[in-house]
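Topology and contacts: notes
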Amino acid sequence: MSKMKSVKIDRRSFLKMLGWGGAGTALAGCDLPTTVTLEEGKEEVVSYLMPEEYVIPGIGVWYASTCLQCDAGCGLHGRVREGRVLKLEGNPDSPINHGKTCMMGQAGVQAHYNPDRVTSPMLRKNGTLQAVSWDEALSELNGRLGAVSGDRFAMVTGTVSGHQAVLVSALMEQMGSSNHFAHETINARVWRQVCEDMLGDPMPRLRLDKAQVILSFGADFLGTWLSPVHMATEYAKFRSAPRGMLVQIEPKMTLTGGNADLWLPARPGTEGALALGIANFVIERGWNKVNVTPNVRRALAEYDLPKVEEITGIPVSKIKRIASLLSERSPALVLAGASAAGFEDGYESVAAAMLLNIIVGAVGETIEASAQFPEAALLARQGSTADLIKFAKGLENKAFDVVLFANTNPVYTAPEALGLEKGLAEVGFKVAMTQFPDETAMLADLVLPLASPLEDWGTHVAAYQAGGDPVISVQQPLMEPIHKDVRGFGDVMLGLLKARNKEFEQFADYYAYLKTAMLNMPGLADKDNKNDAAWNNLLQKGLLSAKPAKGKLSIKAHTVEVAGYQHSKEYPLHLVPSARLGLWDGRHANIPWLQEAPDQIAKVVWDSWAELHPKTAHELGVKNGDIIRVSSASGSIETQVYIHKGVHPDVVAVPMGQGHTAYGRYAKNRGANPLKVLNPITDKKTGELATHATRVKVSKVPRKNILVKMGGSETQMGRPLVRTVSADQFRRTEGEG
Amino acid sequence: MQFANRTSLNNAAAVSIRRLQAKLVQCGKPFYLLMALAVMALLPLTAMAELPVPSHITPPPGEHEGEHVPQPIEFPHDRHVKDMKINCMYCHTYARRSKVAGIPPTSKCMGCHKVIATDRPRIQKLTEYWEKGESPRWKKVHDVPDYVHFTHEKHIRKFVFDADFPVEDVQQVCGVCHGEVREMTVAEKKKPLNMGFCRRCHEANGGPGDCWKCHK
């Protein structure tokens, strides 16, 4: 015994020994008959009847297409092997994404191969949806459309562009209706309006790469804002020497906030006041590059720093630091996203940020006129929540007899308070064109199964054009439809148009329509082309660039009036329904890869959670994993607590995306949907849903969950796994690349 | 227990080869070749059937008693290979280009059998498939698990093209893993095609030893 005791085996040696033993076992196992798919004669192998010339089994061929996982319009290359698409990557020729994709783009194949696709048309008979043939479905639909007049017909889509937008407009025209609603929960509608009003260009090009400092009021440009993959590329240039500095002001840390050099949570809804305070200080010090009118100057003078500190909760010293950064590190760029725009005075807050841009001389330097695609009919009809609210109002007034939904799921994304479900119950005939049995489809009277984006034809003009010549991106099928009874969106629309206008009958299908239309485009016009060379080249490249309709920026700085901060006794906290690159607005909750990909900040998987500041959690007496009820005036949700310093103490942040009541096996009955409990408050100027304006109270529910997340521990247990430097040392070296 | 015995034998053989190689590296090249041949002849488990083994390959020891797998058409490899002297890669045309060797497309069968042996029942059955526009649903005989990345193309390149091995004798190379197909009707699995078999061959013939070369 004593001899054994003298042999010290530490943990490392023990693991080493175990490792060797394990290796020995593995080698001994090499010759054991394995049972994995090796049994002879169990699997089938079917040869081609007649192979295509260029097909070699086992060798992938890459085809160009367009990503439809969000509306940024990234170009794709898809690897196809033996007639199956296996892998998606970015199209290197695309000026938007330069050969890169985000994880949602990568996961496009899982939407395509999803086991819960709708595979045949379904018509509601005796209260239940029953499979019917396309003939029956379309004759029913055409009959209903024939019986409805003008504005009693409504169509609800997501962002739609290119020739699909042309077909949507054509159908609306044939129906004599002006009620096309484009709905996107994650949008930059307020930003666009401010840019249009103050710069004369709704979508100016943002030169992140030229900026030396970026001050972002909740614009999560690396995750969910405008064109994330493009912005990430520009951000990399911004960060390469000399290293640009990023300051992020937001109530809940986003992916962009996590990357910031300085992350500050202003009191929710006071971003505008902060921007005005910084602007005031910049002018006071004479650091402004552009002079403002006396009117604006007077209005700004009200925002002296102590007052701004009182409103925003950001110390005067920090405000001064930000202001000096903006002037020292020229050119600067100021952005404003959802958490600044999502209030009743959201427009004003974003305008305040834009005013700051004007004052520090960013306009013309880091904000350039956009290069717009010259064909106006093909431009993106961008989705908004203002459209959703207008649609809900219409339902309330019983204004529609037939509603056609396409590629959108407003029954899931609309706040309960908009009364969408109740309103829809009154609509005579509801049609859902969709790939999946989502919440909207479950309420519909007719469900038309659409081909997946990887099986369908289309063209897309991104709303945010990245610079250089603007492009139209071609979406071509990467494989035959998996399910034989689905149809492309364009094909269904063309079918509906043919039944109403003989002119469309010259096109056998949407492919024929698209080919004719594209070959008549200015950049491609080649009517004598007999051998399809132009068309084939276009498909190979996936993109057509056009000479831009060049815009010009004209500054119109005006006074901005932001509301002060109101405390509330009954509802002390703010609900932040945070958007994330991954599940997005909930449309990707049925993709297992995105469910299992940990949230970039909280690292939680497969579930919802509520982020609380440690101080708030302590006051409420809750710990990680405790279930809380988050109640607003419009309803309540229950979810688990995740305690995190990256939220403002007055905030409870619940990510969007979960809480589906339908939408297939991976999404259904998982987590909670914060959008449901939002109060129907809107931005006064644009009518956008004020997503961040809802006040809530939190109560403890006597239940507990084990918080499932990557990296269960917040510390490194004394092991230097990630090397760190002190903030002081970092400050000394920053800017040296 | 049988497996365990064989494993230890094979491991012992592999070890002795390595030791010999280590010694041989110090000697001249002709001596190396000579000794390598001698070692091959001495190893009891490397004894092959009548099919000659190309001199530049050290075949890994290991046999497998494959079952006779009934196929939709009892395709006679013997007739095509032994009697008609058709090259393996005439039909399995993808072997030199891709990871899979490929089952020949039905159009290739019909290229000959539109006119040849049209009175035989098997050819009539094939013609029936062709006229219906279908391919026979063959049963897989040789396979590796999905977590193994095996590519025919690299092996054919190394052992045939890079080695200047005459392409007309390619069945000797194929036979190292597929056995003597020229004596079979439908293919039967004659080699274990498991990791031990692969590793022994890689060790004896200088194949890569990194895990990720195959498991990627």
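Residues numbered from 1 in each chain as written. Chains lettered and ligands numbered in written order. Predicted model: local features only at pLDDT ≥ 70, side-chain atom pairs only at ≥ 80, totals over all residues.

**A few points about the overall build of chain B**
Rules: Only DSSP runs of H or I reaching four residues or more are called helices, and only runs of E reaching two or more are called strands; each is numbered from the N terminus. Here exposure depends only on C-beta density: within 10 Å of a residue's C-beta, 20 or more other C-beta atoms make it buried, 12 or fewer make it exposed, and intermediate numbers make it partly exposed, the C-beta atoms being placed from the backbone. Here, residues touch in the contact sense if the C-beta positions derived from the backbone fall within 7 Å of one another.
Within chain B, the regular secondary structure consists of 10 helices and one strand. Expressed as a percentage of its 216 residues, the buried residues of chain B come to 25%. Across chain B, the fraction of contacts at a sequence separation of at least 24, relative to all contacts at a separation of at least 6, is 68%.

**With respect to the overall build of chain A**
Selection rule: As a reference, a globule follows 2.2 Å times the number of residues to the power 0.38, and the radius of gyration itself is taken over C-alpha atoms.
When helices and strands are tallied, chain A shows 25 helices and 28 strands. Over its C-alpha atoms chain A spans a radius of gyration of 28 Å, differing by no more than 12% from the 27 Å that the globule rule assigns to 737 residues. The C-alpha extent of chain A, read off along each of the three principal axes, is 90 × 70 × 55 Å. Within chain A, buried positions represent 51% of all 737 residues.

**Digging into the nonpolar core**
How we decide: To count as a nonpolar core, a set of buried Ala, Val, Leu, Ile, Met, Phe, Trp, Tyr and Cys residues must be joined through C-beta atoms within 7 Å.
Ranked by internal contacts, the top residues of the largest apolar core, which has 215 residues, are V350(A), A353(A) and V652(A). For this core, the element with the highest residue contribution is helix α15 (residues 346-359) of chain A, accounting for 10 residues. The residues touching V652(A), leaving out its near neighbours within four places in the chain, are L573(A), L575(A), A610(A), E611(A), L612(A), V630(A), V696(A) and V698(A). In terms of nonpolar packing, the next biggest core, distinct from the first, is built from 19 residues, I56(A), V176(B), F197(B) and A204(B) among them.

**A few points about the domain arrangement of chain A**
Residue and element names in this part refer to chain A. What counts, and what does not: Segment limits for the domains were obtained from an automatic or database-derived domain assignment. Side-chain classes are defined by residue name, with Ala, Val, Leu, Ile, Met, Phe, Trp, Tyr, Cys and Pro counting as nonpolar, Asp, Glu, Lys and Arg as charged, and the others, Gly among them, as polar.
Here chain A is partitioned into domain 1 (61-112), domain 2 (122-182 + 377-549), domain 3 (195-370) and domain 4 (573-704). Computed from C-alpha atoms alone, the centre-to-centre distance between domain 1 and domain 2 is 21 Å. Taken together, the 22 residues of domain 1 in the interface contact 25 residues of domain 2. Broken down by element, the side of domain 1 that touches domain 2 gets its largest block of residues, four residues, from strand β2 (residues 61-66). A per-class count over the side of domain 1 that touches domain 2 returns nine nonpolar, 10 polar and three charged.

**Some points on the sheet that holds strand β3 (residues 75-81) of chain A**
Residue and element names in this part refer to chain A. For clarity, the threshold we go by: Following DSSP output, two strands are said to pair if at least two bridges run between them. Lines fitted to C-alpha atoms define the axes here, with helix axes fitted over just the stretch in contact, and angles between the N-to-C directions of these axes take values from 0 to 180 degrees.
Taking strand neighbours across the sheet as the criterion, the three strands line up as β2-β3-β4 in an open arrangement whose pairing is antiparallel. Each end of this open sheet is capped by a strand with a single partner; those strands are β2 and β4 (84-90). Going from strand to strand, the sheet's axes swing by 30 degrees on average, the running direction of each strand aside. Judged from the six bridges that link them, β3 and β4 form a sheet pairing that is antiparallel. Counterpart to H77 in the pairing with β4 is E89.

**A word on the packing of helix α10 (residues 271-284) of chain A against helix α11 (residues 294-301) of chain A**
Residues and elements named next belong to chain A. We count it as follows: To sort the angles, those under 35 degrees are grouped as roughly parallel, those over 145 as roughly antiparallel, those from 65 to 115 as roughly perpendicular, and the leftovers as oblique. The sense of a crossing depends on the near helix, which, turned anticlockwise from the far helix by less than a right angle, makes the crossing left-handed and, turned clockwise, makes it right-handed.
In contact at an axis separation of 9 Å, α10 and α11 are set at 115 degrees when each is read in the N-to-C sense. When the interaxial angle is binned, α10 and α11 end up roughly perpendicular. Here α10 runs over α11; the crossing is left-handed. Across the interface between the two elements, L276, A279, N280 and I283 of α10 pack against R297, L300 and A301 of α11. Taken together, the residues of the contact of α10 with α11 break down into five nonpolar, one polar and one charged.

**Focus: the pairing of strand β26 (residues 635-643) of chain A**
All names here are of chain A. As judged from the three bridges shared by strand β24 (residues 610-612) and β26, these two strands associate in the parallel manner. Residue pairing across strands places A610 opposite V641, the latter belonging to β26. With six bridges connecting them, strand β25 (residues 626-632) and β26 associate as antiparallel partners. In the strand pairing of β26, R629 is matched with E638. Following β25, the chain reverses through two residues before pairing antiparallel with β26.

**Description of the sheet that holds strand β17 (residues 429-434) of chain A**
Residue and element names in this part refer to chain A. The strand order across the open sheet built from seven strands is β6-β5-β18-β17-β16-β7-β8, with neighbouring strands paired in mixed fashion. The two strands at the open ends of the sheet, each matched to only one other strand, are β6 (128-131) and β8 (180-182). The sheet shows a mean angle of 20 degrees between the axes of neighbouring strands, direction not considered. One ladder, built from three bridges, connects strand β7 (residues 153-157) with β8; its direction is parallel. The residue of β8 that forms the bridge with M155 is H180. Seen against the sheet, helix α16 (residues 385-396) touches β7 and β8 and runs at an angle of roughly 140 degrees to β8.

**A closer look at the interface of chain B and chain A**
Taken together, the contacts link 34 residues of chain B with 23 residues of chain A. Listed by contribution, the elements that provide at least two residues to the side of chain B that touches chain A are α1 (2-26), α5 (106-113), β1 (137-139) and α9 (195-205) of chain B. Here the residues of the side of chain B that touches chain A sort into 12 nonpolar, 10 polar and 12 charged. Examined bridge by bridge, strand β1 (residues 44-46) of chain A and β1(B) share three bridges and lie antiparallel to one another. Looking at the pairing, V45(A) lines up with W138(B) of β1(B).

**Quick notes on the confidence of the model for chain A**
Residue and element names in this part refer to chain A. So the rule is basically this: For every residue, the predictor assigns a confidence score, pLDDT, that lies between 0 and 100.
With 93% of its residues at a pLDDT of 70 or more, chain A shows a mean pLDDT of 90. Across chain A, element-level confidence peaks in strand β18 (residues 446-449) with a mean pLDDT of 98 and bottoms out in helix α1 (residues 2-6) with 44. This stretch, residues 1-7, has a pLDDT under 50; its non-local contacts, to residues over four places away or in other chains, come to zero contacts. With pLDDT under 50 throughout, residues 18-29 is counted as low confidence; its partners more than four residues away or in other chains account for one contact.

**A word on unusual backbone geometry**
A cis amide bond, omega 0 degrees, links S330(A) with the succeeding residue P331(A). Tracing the backbone shows P331(A) in the loop between α13 (316-328) and β13 (332-336). One non-glycine residue with positive phi stands out, namely W584(A), at about 55 degrees. With respect to the helices and strands, the residue W584(A) is situated in the loop between β23 (573-578) and α23 (592-596). Even without glycine at this site, A117(B) takes up a positive phi of about 55 degrees. The residue A117(B) is located in the loop between α5 and α6 (121-132) in this model.

**Details of the environment of L544(A)**
Tracing the backbone through its elements, the reader meets L544(A) in strand β21 (residues 543-545). Sequence-wise, L544(A) and D469(A) are 75 residues apart; in three dimensions their C-alpha atoms are separated by 9.4 Å.

**Side note on the environment of L519(A)**
Position of L519(A) among the secondary structure elements: in helix α21 (residues 510-519). Sequence spacing of L519(A) and L335(A) is 184 residues, and the spatial spacing of their C-alpha atoms is 39 Å.

**Some points on the confidence of the model for chain B**
Residues and elements named next belong to chain B. A residue-level look at chain B finds 77% of positions with pLDDT of 70 or above and a mean pLDDT of 82. A low-confidence stretch, residues 1-29 (pLDDT under 50), is modelled with 24 contacts involving residues beyond four sequence positions or located in other chains. This model gives residues 39-49 a pLDDT under 50, and the stretch forms 15 contacts once residues within four places in sequence are excluded. In the model output, the complex is listed with pTM 0.84 alongside ipTM 0.72.

**Concerning α13(A)**
Residue and element names in this part refer to chain A. The condition that has to hold: Under the convention used throughout, the expected extent of a helix is 1.5 Å for every residue step, that is, one less than its residue count. Throughout, the arc means that of the directions going from the helix axis to the C-beta atoms.
The first and last C-alpha atoms of α13 sit 18 Å apart over 13 residues, in line with the 18 Å expected at 1.5 Å per residue. Looking at α13, one finds that the buried residues are I319, I322, A323 and L326. What you see down the axis of α13 is that its buried residues fit within an arc of 95 degrees, all on one side. When the buried face of α13 is taken as reference, the exposed residues oriented beyond 90 degrees from it are S317 and E328. Contacts made by the buried residues of α13 are with β10 (213-217), β11 (245-249), α10, α12 (305-312) and β13.

**Observations regarding the packing of helix α20 (residues 489-498) of chain A against α21(A)**
Residues and elements named next belong to chain A. Relative orientation of the contacting elements α20 and α21 amounts to 95 degrees, with a least axis distance of 8 Å. It follows that α20 is roughly perpendicular to α21 by the angle criterion. Touching G490, D491 and L494 of α20 are Y510, Y513 and L514, all from α21. For the contact of α20 with α21, the residue count by class is four nonpolar, one polar and one charged.

**So, the environment of K190(B)**
Looking at the element boundaries, K190(B) is found in the loop between α8 (170-178) and α9. Contacts of K190(B), omitting those with residues within four sequence positions, involve E63(B), H64(B), G66(B) and G179(B).

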